[in-house]
Amino acid sequence: MIKFFLMVNKQGQTRLSRYYEHVEINKRTMLEAEIIKTCLSRSKDQCSFIEYKDFKLVYRQYAALFVVVGINETENEMAVYELIHNFVEVLDKYFSRV
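Scoring rules and cut-offs
- Residues numbered from 1 in each chain as written.
- Predicted model: local features only at pLDDT ≥ 70, side-chain atom pairs only at ≥ 80, totals over all residues.
- Heavy atoms only, no water.
- Buried < 20%, exposed > 50% of the residue type's maximum accessible area, 1.4 Å probe, protein only.
- Helix = DSSP H or I, 4+ residues; strand = E, 2+ residues; numbered from the N terminus.
- Pairing = 2+ DSSP bridges.
- Polar contact = N/O pair within 3.5 Å; in protein donor to acceptor, adjacent residues only side chain to side chain.
- Contact = heavy atoms within 4.5 Å.
- Expected span 1.5 Å × (residues − 1).
- Arc of directions from axis to C-beta.
- Core = buried A, V, L, I, M, F, W, Y, C linked by side-chain atoms within 4.5 Å.

Asker: Give me the lowdown on the pairing of strand β4 (residues 55–62), citing residues and values where you can.
Answerer: Most of β4 is tucked away: 6 of the 8 residues are buried. Here strand β3 (residues 49–52) runs beside β4; their pairing, made up of 4 bridges, is antiparallel. Considered in β4, the bridge of E51 is made with K56. Here 7 bridges tie β4 to strand β5 (residues 65–71), and the two strands are oriented antiparallel to one another. Paired with L57 across the two strands is G70, which belongs to β5.

Asker: With reference to specific residues and values, describe the side chain of R60.
Answerer: Mapped onto the fold, R60 is located in strand β4. Side chain to side chain, R60 and Y62 meet in a polar contact 3.2 Å long. Those residues within four positions of R60 in sequence are excluded, and the remaining contacts are L65, F66, V67, Y81, E82, I84 and H85.

Asker: Which residues make up the pairing of β5, and what values do they have?
Answerer: Most of β5 is tucked away, with 7 of its 7 residues classed as buried. Burial along β5 is two-sided: the face carrying L65, V67, V69 and I71 and the face carrying F66, V68 and G70 are both buried. Two strands pair when backbone bridges link them, and strand β1 (residues 2–9) and β5 are joined in this way by 7 bridges, in the antiparallel orientation. Bridge assignment links V8 to a residue of β5, and that residue is F66. Counted along the chain from β4 to the antiparallel partner β5, the turn is 2 residues long, and its residue A63 has a positive phi close to 50°.

Asker: Please set out helix α2 (residues 77–95) residue by residue, giving values where relevant.
Answerer: Look at α2: 27 Å from first C-alpha to last across 19 residues, which is about the 27 Å you get at 1.5 Å a residue. When we look at burial in α2, the residues that qualify are V80, I84, V88 and L91. For α2, the angular spread of buried residues about the axis comes to 85°, placing them on one side. With respect to the buried face of α2, the exposed residues turned more than 90 degrees away are V90 and K93. If you follow the buried residues of α2, they end up packed against β1, β4 and β5. In this structure N76 caps α2, since a side-chain oxygen of it lies 3.0 Å from the backbone nitrogen of M78. One or two steps after α2, the chain reaches S96, where phi turns positive at roughly 60°.

Asker: Quick rundown of the nonpolar core? Include the residues and the values.
Answerer: Core analysis: the biggest nonpolar cluster contains 15 residues, and F4, L6, L31, I35, L57 and V68 have the highest contact counts within it. Among the elements of the structure, β1, α1 (25–40), β3, β4 and β5 are those that each provide at least two residues to this core. At 4 residues, the largest contribution of residues to this core is made by α1. When residues no more than four places from it in sequence are discounted, the contact partners of L31 are F4, Y19, Y52 and F55.

Structural data, given as structure tokens:
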């Protein structure tokens, strides 16, 4: 199950966030800061799947934009990785040059 969906730029600013479970605003801010720091510090050679606290992070980088999805332990990481790619392709077709 997907817990949240984030789009973040390289400066660490959240551009889009969608939570599918209730998380208090102050906890969201701390969670996003930790997740952004974790994803931005990784190199392109490292795996795009991270075990983080009680869930997994799947992220993908497109130019200066990171798309991060938080999932539970039973979700398929590769399926979510492809979901991210398909989502970005749809945005690119709709808005052109995303």
